[in-house]
Amino acid sequence: MRNLHIRTWSEQKTGLPPGTSEWCKDPDTRAVYCLNNGKVFRVGQDEPSLLVDLAAEGLMSPDSECIGLCSLPDLQCLLIGISTGELIQVGYHGIGEVEEVGAVEAGLLSLSLSPDSEVITLVTADLKLILMTRDYTPLSETELHQEKFGEGEFVNVGWGKKETQFHGSEGKEARVKKEVHSEVTDGDDRRVRVSWRGDGEMLVVSYVSPGDQSAARKLRVFDRQGVLFSTSEPCAGLEQTLAWKPSGSLIATTVRKPNKHTVAFFEKNGLQHGEFTIRTSMVVKELAWNCDSTVLLVYGQVHSGEHVLQFWTVGNYHWYLKQTVTYGKITSPSWDQEDPTLCQVITTKDEVESLTSLTFSFHTDTSVGRTEDDLSMVAVTDGSVVKVTPMREAVIPPPMSAYEIHLDAQVESVMFQTYPEKNDMDNMYKDSNTLALLTASRFYVFQVIGASDTADSGDDAVKITGSGGNGYVVQTSRHRLVKSMDACLPRGAANFVLCGDEVLASVDHPTPALVVLKERNGSLVEISRILCESSVYMICGGIHPVVELQDASVLSYEDGSLSPSFQFPRLCSHIIQTKHGVLGLNDRFKLFLNEKEIAGNITSMFLHSHFLLATTMDHRLVAVPADQLGQPNLRWEEAGNRRVERGSRLVTSVPCHSRTVLQMPRGNLETIQPRSLTVLLVQNLLDSLRFKEAFLLSRRQRINLNIIVDHSFSHFMKNISQFVQQVSVEPEHLNIFLAELKDENVCTTMYAAQYTSKQTVVEKDKVEKVCTAVREELELQDSTELKENSILPILGTLVRVGNRLEEALDRIKKLRDGGKQSVCDEALRFILYSVDVNVLFNVALGTYDFQLVLMVAEKSQKDPKEYLPILNNYKAMPENYMKYSIDKNLKKFESALVHISRCPDNFDECLQLVEENRLYKQATKLFPVGSDNYKSICQSYGTYMESKRYYLEASLLFDRAGQADQAVRAAERAGAWQRAGHLARQAGWSQEQVAELCRDMATKLEEQDRGLDSAIIWKEWLQDPEESVAVLSRCRCWEEGIRQALDLGRTDLVQTHILPGLRERRDVLSSTISTTRDKISSQVDRLLVVRESRNKVHMEDDVEDERNLEDADMFSETTSVGGSVASTARSKSTLATRQSNRSKTSKNRRKQDRKVYSTREGSTHEDLGLINELHEAIASVPGLVAEVAQVVRGLIQLLEENGLEQLQNDTEALLTLCETVKPQIWPGQEPVKERFGPESTVEDIIRGAGPNNQYRSPLELMEPHLRFPPRYTVDPYWKVQIL
């Protein structure tokens, strides 16, 4: 639904007299060469320069003519074909570079060049096709007129003859195969035409077969080697025009039929495939495709003698006439070989010859209002007809439309109002739906009226009809003509924009300028002209229109003057004004916001009232909030997006609505509701308290209904009454809402892209709070006693919470008891639909109400033979035992315990239930303390705790159960020696038994390194102070041992036990400190050696990894992180994990650890093994220091100072050594600096490291605590100062 707009219309005088017959352009230098009256000129900005005078050189006689002119850029020359058979090569650089490179005795009819400039094609006068290379080496010579069809001839597979086939409505007359007489038309110039396919692999030749009576024009297709492939089917009225579509699908030509003149399309197999009618009566001279096959140029001459250029496009198999350009005389129109938007032609007007250049671009003309009043009008031009569709009201695929506006001339421009807010203008312009149409001489203004309004336009030249013609009634809002006036347009005006009551346009003749047109005395006339530095490429309307120049500069138009704003990095063919700046999209899919590029893969865009919509090259529709466009780092990946069909383009998006229309590559339309736009509508509805509309829209568009609550929880809870009142009109709607509730906040997860600027709080227990509030509001609004009008939603709230099924069944029971049987049945059916029948049956059974159980079972599909025996068995039991049995069956063991505890005769079952389900805590609360049942429970509980090795708790429980001996043994195993001794005496144990118990406990405590506790037992309970001192000495409790010995006055114990122990420990510590110091020093030295050797190897690897930077252009600058270039670089610090894909056993893991921490010289990770051992050695130093302090103080107290000073000095030296080597073992580990993205070169990506390229130990392979030095604190007063 795009229109073809003329962006620039420039005329450059050639400086030559009229008479140019051929011209061409060099694709490299863009220079233009003309053959004018037998002379070859190079035309530029300056005076034309003569290259050669063919007539003066004797190379071209008055009777001969030029049959082809082409440029050979690699040879820096022109190739000219003369009808007499000569091939002339003319150099680019001046007079005299002329050479006859070949001659054909029979003469030449055509000269052309393949698209890749590799093959020269000649057609001789005796109808021979000659192909040769660009250095004039012949490739093939083929007879053009042959009897055979070609290599692509159809194969008869024997499906019957035409005479025996069914012909449908054509009748029996169709059995006879009609012969087509293809005679040469009167207007045929009998010239030979050659056209190449875009890939240069095939060419087609249009020629007139020899003979006077049998002469007919034919198309023959040849391959690149000159082999005939196919011949066209006989076609009456076939004309000389010829153009093969560059994409290769169709060959275009013209066919004149008795009642119409058509452009027909042939396939390469020679069969016709489609056509369209030329609506203007004219003689078609040439056809030409632009290089991307989107526009077909039809060049012809009308009866008045004027030459016409028509530009046609196709969509959904319908051909649209988009633009018509008329001149007095036109010579050889040609599309640019590289730029599909540039068409150039030599024109003659008033005996002045000019090179006219027309630049086009596609643009969808749609209304640009941002309010609900805008109908999203889309207008498509088709010659003198404008097809209009209000997309807000109806989406009608092209070539149809809601209605058509018929004018009496070609529509040159379609304009919608871009500045309806302007105050000082007529009311007819104050509507974004206002439509203005411009022809070559008239200006029309249309306003929107309702579908029921039948007001006539009042102008016979304007007709507004349904899409199918006058017989169709328009069912949507439509336009009505409100004003028509003459238009006095400047020569070559383009880029028309309706801005308020002014029309802005651009001109290039005589100088580039912005033109302001306005109504004066009933005509649209020019009122001012603002000169520009370069040609105006595009104008974008608005409050302050912006003008883009050919050099990508953007100017702002305000108060009749232009002021510079900024410059796009590249020329943009689609621009949109926003409050954050000007968006520009170029033909390379780059999207700019002012000077900054914000995206690089955008194919189309549209500014919605709240979002910027864009389609991407990976076939996605992206919606970015419009208020986020001004952010420094726009994050497209967080924007809402969805997949669309390949090649989709945005047509329009209805403002304040979610409807978005896209056009597929073939031309059909697809309407979608993007999630971001739908969520926006839901937000607006919720803010305006239109809960029912928000619910219906969310349900229809599959928006999670939690958004109704999560949009604003406080807002929802505050207006819960309105929500219930609106939605509960249909009870099932409220139940659907309740069923979809979940505690997750969808505004922070599912729809986070639509809530980026809004702070949302995750509400705890959301489902329960909402269900409770809805239920309370339903009960408040329902005036009936049993709330039967709202019973279904109420039950829904109880079911949704999950733990209120009993209450739901109780409400149903009340309805049954209240005589509301029909409501009860409906409620029961609902709850059975919502909850599994077995679950509901069990819940009903758990109420112990058998009538309720029967009611649920009768409404379910349960077999009475299945549940009736069970219910009868329960009824026969005593009440408490029945409840116990039901609860046990339902696995409600705590409730079952309560009921079985009330059955004194069934205590064995109670104890079994407790033991099987570990209900000891609950059971101890159900029986009186001291009762036999209580003791039995405690006995069992103690046994269980003892099995779990909770010996102290077991001792307490055995004590409560009256099992003293078991309590003592459990306390002994727990190490609670005070409790064990107390319980033993309380149980009446003999002195020998108690003493034996104390000796066993003292021995075990000493083994557990609890020397102080063991010493207390020996001294206080066993009355053996000497053994107490001995235990303290063996456990290295020097201070307490010295105190007890001195308190007893037993200096002999000091000499026999304490002093020898201190001396022995002094020597051990001295040896350990020396060994530790030597180990740390040697391992640090080895670690430094390992790192140095690894660093040398590492630097050698870097030299080997150096890449030839001259080949860097072979790698893509956009290579992804996971791409081949990044993955081939040698990693300097591979982040490896210590887990493989398969599950490893503990043995395998330990084996792997040993490999990693191996200190064997030359091992792979020797440095990591050394670091591991050094970490262990340094971490042990604080313990050594603390023990040294105790030993030194003890020996000084006993006046034994020999060797203590040296011990302290060695300890201090060890501490100093540890602090010194820490930076050497764990140097500052800088992270690997990997660079990716547009700022990085390929070399940066390959190397992946910063400037410091030294070897570093791969600490990532170690446990986290080993990657850093051990942390410890040493008592600053450990050293005795008097030594």
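Residues numbered from 1 in each chain as written. Predicted model: local features only at pLDDT ≥ 70, side-chain atom pairs only at ≥ 80, totals over all residues. Heavy atoms only, no water.

Participant: Could you give me a rundown of the packing of helix H1 (residues 675–687) against helix H2 (residues 691–700), with the residues and numbers involved?
Facilitator: At a minimum axis distance of 8 Å, the contact between H1 and H2 shows a crossing angle of 160°. One element, H1, and the other, H2, form an angle in the roughly antiparallel class. As H1 runs across H2, the sense of the crossing is left-handed. For the pair formed by H1 and H2, the contact residues are Thr678, Leu681, Val682, Leu685 and Leu686 on the first element and Phe691, Glu693, Ala694, Leu697 and Ser698 on the second. Considered class by class, the residues forming the contact of H1 with H2 number 7 nonpolar, 2 polar and 1 charged. (Axes fitted to C-alpha atoms, helices over the stretch in contact; angles between N-to-C directions. Helix = DSSP H or I, 4+ residues; strand = E, 2+ residues; numbered from the N terminus. Parallel < 35°, antiparallel > 145°, perpendicular 65-115°, else oblique. Left-handed = near helix turned anticlockwise from the far one by under 90°. Contact = heavy atoms within 4.5 Å. Nonpolar A, V, L, I, M, F, W, Y, C, P; charged D, E, K, R; others polar.)

Participant: Tell me what's going on with the packing of aromatic side chains, and back it up with residues and numbers.
Facilitator: Summed over all chains, the structure comprises 23 aromatic pairs. Ring geometry for Phe311 versus Phe360: centroids 4.6 Å apart, planes at 50°, classification tilted. In this pair, Phe311 sits in strand S24 (residues 307–315) while Phe360 sits in strand S28 (residues 352–363), placing the two residues 49 residues apart along the sequence. On the basis of relative accessible area, Phe311 is assigned to the buried category, the value being 0%. With a centroid separation of 4.7 Å and an interplanar angle of 5°, the aromatic rings of Tyr920 and Tyr941 are classed as stacked. Note that Tyr920 is positioned in helix H17 (residues 920–926) and Tyr941 in helix H18 (residues 932–947), a separation of 21 residues in sequence. (Phe/Tyr/Trp six-rings, centres within 6.5 Å; stacked < 30°, edge-to-face > 60°. Buried < 20%, exposed > 50% of the residue type's maximum accessible area, 1.4 Å probe, protein only.)

Participant: Please set out the nonpolar core residue by residue, giving values where relevant.
Facilitator: By size, the foremost hydrophobic cluster in this structure holds 70 residues, and its most contacted members are Ile707, Ile708, Phe716, Phe723, Phe737 and Ile812. The element best represented in this core is helix H10 (residues 821–834), accounting for 7 residues. In terms of nonpolar packing, the next biggest core, distinct from the first, is built from 47 residues, Val1084, Val1181, Leu1204 and Met1262 among them. (Core = buried A, V, L, I, M, F, W, Y, C linked by side-chain atoms within 4.5 Å.)

Participant: So what about the side chain of Ser112? Which residues, and what values?
Facilitator: Tracing the backbone shows Ser112 in strand S10 (residues 108–113). Overall, Ser112 belongs to the buried group, its relative accessible area being 12%. Setting aside residues no more than four positions away along its own chain, Ser112 makes contact with Val119, Ile120, Thr121, Val194 and Trp196.

Participant: Give me the lowdown on the side chain of Arg193, citing residues and values where you can.
Facilitator: One can find Arg193 in strand S14 (residues 193–196). A polar side-chain atom of Arg193 sits 2.7 Å from a polar atom in the side chain of Asp189. Residues contacting Arg193, with those up to four places away along its chain left out, are Val204, Val205, Ser206, Gln240, Leu242, Lys285 and Glu286. (Polar contact = N/O pair within 3.5 Å; in protein donor to acceptor, adjacent residues only side chain to side chain.)

Participant: So what's going on with unusual backbone geometry? Which residues, and what values?
Facilitator: Residue Pro399 follows Pro398 across a cis peptide bond; omega there is 10°. Relative to the helices and strands, Pro399 resides in the loop between strand S31 (385–390) and strand S32 (403–406). Between His509 and Pro510 the backbone carries a cis peptide bond, its omega angle lying at 0°. Mapped onto the secondary structure, Pro510 falls in the loop between strand S39 (502–507) and strand S40 (513–520). Residue Phe589 is not a glycine yet carries a positive backbone phi of 70°. Along the chain, the position of Phe589 falls in the loop between strand S47 (581–585) and strand S48 (591–593).

Participant: Pulling in residues and values, what's your account of the sheet that holds strand S44 (residues 553–558)?
Facilitator: In a beta sheet, neighbouring strands pair by backbone hydrogen bonds and run either parallel or antiparallel. Ordered by their spatial adjacency, 4 strands build an open sheet running S42-S43-S44-S45, and the pairing between neighbours is antiparallel. The strands lining the two open edges of the sheet, one partner per strand, are strand S42 (536–540) and strand S45 (561–567). In this sheet, neighbouring strand axes are inclined to one another by 25° on average, regardless of whether the strands run parallel or antiparallel. Pairing geometry for S44 and S45, over 6 bridges, is antiparallel. Bridged to Tyr557 within S45 is Leu562. (Pairing = 2+ DSSP bridges.)

Participant: Report on the environment of Arg985, specifying residues and quantitative values.
Facilitator: By secondary structure assignment, the location of Arg985 is in helix H21 (residues 977–986). Residue classification places Arg985 among the partly exposed positions, given a relative accessible area of 44%. Between the C-alpha atoms of Arg985 and Val968, which are 17 residues apart in sequence, the distance is 9.8 Å. Not counting the four nearest positions on each side in its chain, Arg985 is found in contact with Val994 and Trp1021.

Participant: For the pairing of strand S30 (residues 377–382), give the residues involved together with the corresponding values.
Facilitator: Most of S30 is tucked away: 6 of the 6 residues are buried. Relative to S31, S30 runs antiparallel, the two sharing 6 bridges. Across the sheet, residue Asp382 finds its bridge partner in S31, namely Val385. Taking the residues that link successive antiparallel strands as the turn, the S30-S31 hairpin has 2 residues, and the phi of Gly383 there is positive, at about 70°.

Participant: Could you give an account of the pattern of salt bridges, naming the residues involved and the relevant values?
Facilitator: Considering all chains together, one arrives at 50 salt bridges under this definition. When the shortest N-O distance is used, the salt bridge between Glu275 and Lys257 registers 3.0 Å. Pair noted here: Glu275 is in strand S21 (residues 272–277) and Lys257 is in the loop between strand S19 (251–256) and strand S20 (261–266), with a separation of 18 residues, a long-range link. Taking the relative accessible area as the measure of exposure, Glu275 reaches 29% and is therefore partly exposed. Classification of Lys257 as partly exposed rests on a relative accessible area of 29%. (Salt bridge = Lys/Arg side-chain N within 4 Å of Asp/Glu carboxyl O.)

Participant: Describe H1, naming the residues involved and giving the relevant values.
Facilitator: Here H1 is 13 residues long and its end C-alpha atoms lie 18 Å apart, about the 18 Å a rise of 1.5 Å per residue gives. Looking at H1, one finds that the buried residues are Ser676, Leu677, Thr678, Val679, Leu680, Leu681, Val682, Gln683, Leu685 and Leu686. Positioned one or two residues after H1, Leu689 has a phi angle of 60°, which is positive. (Expected span 1.5 Å × (residues − 1).)

Participant: I'd like a description of the sheet that holds S24, backed by residues and values.
Facilitator: Strand order in the open sheet formed by 4 strands is S22-S23-S24-S25, and the pairing between neighbours is antiparallel. Edge strands, defined here as strands with exactly one partner in the open sheet, are strand S22 (282–289) and strand S25 (318–327). The sheet shows a mean angle of 25° between the axes of neighbouring strands, direction not considered. Relative to strand S23 (residues 296–302), S22 is paired through 7 bridges, and the arrangement is antiparallel. Residue pairing for S23: Glu286 is matched across the bridge by Tyr299.

Participant: Break down the packing of H21 against helix H23 (residues 1011–1021) for me, with residues and values.
Facilitator: Their axes nearest at 11 Å, the elements H21 and H23 cross at an angle of 30°. Within the contact between the two elements, H21 uses Trp977, Gln978, Gly981 and Arg985 and H23 uses Asp1013, Ile1016, Ile1017 and Trp1021. A per-class count over the contact of H21 with H23 returns 4 nonpolar, 2 polar and 2 charged.

Participant: Give a description of the confidence of the model for the protein chain that names residues and reports values.
Facilitator: Confidence in the prediction of the protein chain, expressed as mean pLDDT, is 84, and 88% of residues score 70 or more. Counting interchain partners and residues more than four positions distant, the pLDDT-below-50 stretch residues 1243–1251 has 18 contacts. (pLDDT = per-residue confidence, 0-100.)

Participant: Would you mind going over the state of the cysteines in detail, with residue names and values included?
Facilitator: Under the criterion given, the structure shown has 0 disulfides. Of the cysteine sulfurs around Cys903, a residue in no disulfide, the closest is that of Cys910, at 9.1 Å. Residue classification places Cys903 among the buried residues on the basis of a relative accessible area of 11%. (Disulfide = S-S within 2.5 Å.)

Participant: Let's hear about the environment of Thr133: which residues, and what values?
Facilitator: Looking at where Thr133 falls in the secondary structure, it is placed in strand S12 (residues 128–133). Those residues in contact with Thr133 that lie beyond four places of it in its chain are Glu118, Ile120 and Leu139.

Participant: An account of helix H31 (residues 1204–1225) is requested, with residue identities and associated values reported.
Facilitator: Between its terminal C-alpha atoms H31 stretches 31 Å, which fits the 32 Å expected from 22 residues at 1.5 Å a residue. Those residues of H31 that sit buried are Leu1204, Leu1207, Gln1208, Asp1210, Thr1211, Leu1214, Leu1215, Leu1217, Cys1218, Val1221, Lys1222 and Ile1225.

Participant: Lay out the pairing of S47 in plain terms, naming residues and giving numbers.
Facilitator: Successive side chains on a regular strand alternate, one facing one side of the sheet and the next facing the other. Burial within S47 is extensive, with 5 of its 5 residues counted as buried. As judged from the 5 bridges shared by strand S46 (residues 574–578) and S47, these two strands associate in the antiparallel manner. In the sheet register, Thr578 faces S47, and the bridge partner there is Gly581. What sits between the antiparallel neighbours S46 and S47 is a turn of 2 residues. Examined bridge by bridge, S47 and S48 share 3 bridges and lie antiparallel to one another. By the bridge assignment for S48, Gly584 is matched with Phe592. Once S47 ends, the chain turns through 5 residues before running back antiparallel as S48, passing Phe589 with a positive phi of about 70°.

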